[in-house]
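# Geometric and topological summary
Read off the chains here:
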Amino acid sequence: MEGRITSIARQKKDKARASIFLDEEFAFGVCDQTVEEFRLRKGDYIDRELFEKISEFDFFIEAKRIALAYLNYRARSEKEIRERLQKEDIPEPIILRALEYLKELKLVDDEAWSKSFVNDKLVRKSVSSRQLAFGLKQKGVSKEVIEETISDLNANETDAIRAMRAAEKRWPRILRSESDPRKQKQKLYTFLASRGFSFEVINEVYKQISGDQKDDED
């Protein structure tokens, strides 16, 4: 794209952006910061090389704006931010630059985010480390960070403890709604399994909460 700037007009839908006209025809839009960075003025000639520099700079400014607005609601994983920028058709090299910028500001930190994610989940309900790890994986957290996060979690509180806490809250409701011991057991097993707990953990929790110390034969 080449030509001489014949007009710079404020965009109606976004007052922070300007439309650049080359040789009387609309050419591209840029943010105010880009206009000032390159001192774009009527009469300036835009050659291909300058246009590419302008475009790269403007994409970077836009990527930062989108990412910061996205982070304004809550902390995000690196994958979430990447996907948000991809939806806005930000070029991959610019996305990488934006992510590095956010990391330097400590606004993107998957290790810290993972710990916060786990804590938030456990505040709402007790679930297994397996279910938490799956949630982190879905958010694009690396295997190494997931393993470290879950290891730190289990060092303070095991699946058995979390399963027992969940069962203690659910068991009275099960007893009120079901008088058949076999159905009581089935409901507790189904409930804890939905939280991701293993059969071994569930079986032990059932024995303790029901007072049934016999080996599971069912």
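Residues numbered from 1 in each chain as written. Predicted model: local features only at pLDDT ≥ 70, side-chain atom pairs only at ≥ 80, totals over all residues. Heavy atoms only, no water.

## Describing helix α9 (residues 181–194)
This is how it is decided: A run of H or I in DSSP becomes a helix once it reaches four residues, and a run of E becomes a strand once it reaches two; helices and strands are each numbered from the N terminus. Multiplying 1.5 Å by the residue count of a helix minus one yields the expected span of that helix. Note on exposure labels: buried denotes an accessible area under 20% of the residue type's maximum, exposed denotes more than 50%, and partly exposed covers the range between, all computed with a 1.4 Å probe on protein chains only. Summarising the geometry, the arc corresponds to the directions from the helix axis toward the C-beta atoms.
The terminal C-alpha atoms of α9 lie 20 Å apart, and with 14 residues this matches the ideal 20 Å at 1.5 Å per residue to within 8%. Listed as buried for α9 are Gln184, Lys185, Leu188, Tyr189, Phe191 and Leu192. Down the axis, α9 shows its buried residues gathered within 165° of arc, on one side only. The outward face of α9, more than 90 degrees from its buried face, is lined by the exposed residues Arg182, Gln186 and Thr190.

## Describing the packing of aromatic side chains
Filter applied, for reference: Each Phe, Tyr or Trp ring, with Trp reduced to its six-membered ring, pairs with another whose centre is within 6.5 Å; inter-plane angles below 30 degrees give stacked pairs, above 60 give edge-to-face pairs, and intermediate values give tilted ones. By definition, being over a ring means that NZ of Lys or CZ of Arg is both within 6 Å of the ring centre and within 35 degrees of the ring normal.
For the structure on display, the rule yields 8 aromatic pairs. Seen from their ring centres, Phe60 and Tyr101 are 6.2 Å apart, and the 80° between their planes marks the pair as edge-to-face. With Phe60 in helix α2 (residues 48–71) and Tyr101 in helix α4 (residues 92–104), this residue pair connects regions lying 41 residues apart in the sequence. A network of ring pairs unites the aromatic residues Trp171, Tyr189, Phe199 and Tyr206 as a single cluster. Positioned above the aromatic ring of Tyr70 is the side chain of Arg76, whose terminal nitrogen or guanidinium carbon lies 3.7 Å from the ring centre.

## Focus: helix α6 (residues 129–138)
Stated precisely, the cut-off is as follows: Any two residues having at least one pair of non-hydrogen atoms within 4.5 Å are treated as being in contact.
Among all positions in α6, only Ser129, Leu132, Gly135 and Leu136 are buried. Angularly, the buried residues of α6 cover 120° about the axis, an arc narrow enough to put them on a single face. Projecting away from the buried face of α6 at angles above 90 degrees are the exposed residues Arg130, Phe134, Lys137 and Gln138. Contacts made by the buried residues of α6 are with α5 (110–124), α7 (143–156) and α8 (159–177). One or two residues past the end of α6 sits Gly140, with phi positive at roughly 85°.

## Focus on the packing of helix α3 (residues 78–87) against α4
Just so we agree on the cut-off: Think of each axis as a best-fit line through the C-alpha atoms, taken over the contacting stretch in the case of a helix, with angles from 0 to 180 degrees between the N-to-C directions. Roughly parallel here means an angle under 35 degrees, roughly antiparallel means over 145, roughly perpendicular means 65 to 115, and every remaining angle is called oblique. Left-handed is the label given to a crossing in which the near helix is rotated counterclockwise from the far helix by less than a right angle, and right-handed is the label when the rotation is clockwise.
Where α3 contacts α4, the two axes come as close as 10 Å, and the packing angle between them is 140°. Compared by their axis directions, α3 and α4 come out oblique. As for how α3 packs across α4, the hand of that crossing is right-handed. Note on element contacts: α4 touches α3 through Glu92, Ile95, Leu96, Ala98, Leu99, Leu102 and Lys103, opposite Glu78, Ile81, Arg82, Leu85 and Gln86.

## Let's talk about the sheet that holds strand β1 (residues 3–10)
How we decide: Any two strands with at least two DSSP-identified bridges between them are counted as paired.
Reading across from one edge, β3-β2-β1-β4 is the order of the 4 strands in this open sheet, with antiparallel pairing throughout. Only two strands of the sheet have a single partner each, and these edge strands are β3 (25–31) and β4 (45–46). Relative to strand β2 (residues 17–22), β1 runs antiparallel, the two sharing 5 bridges. By the bridge assignment, Ala9 is partnered in β2 with Ser19. Relative to the sheet, α2 contacts β2, β3 and β4, its axis offset from that of β3 by approximately 40°.

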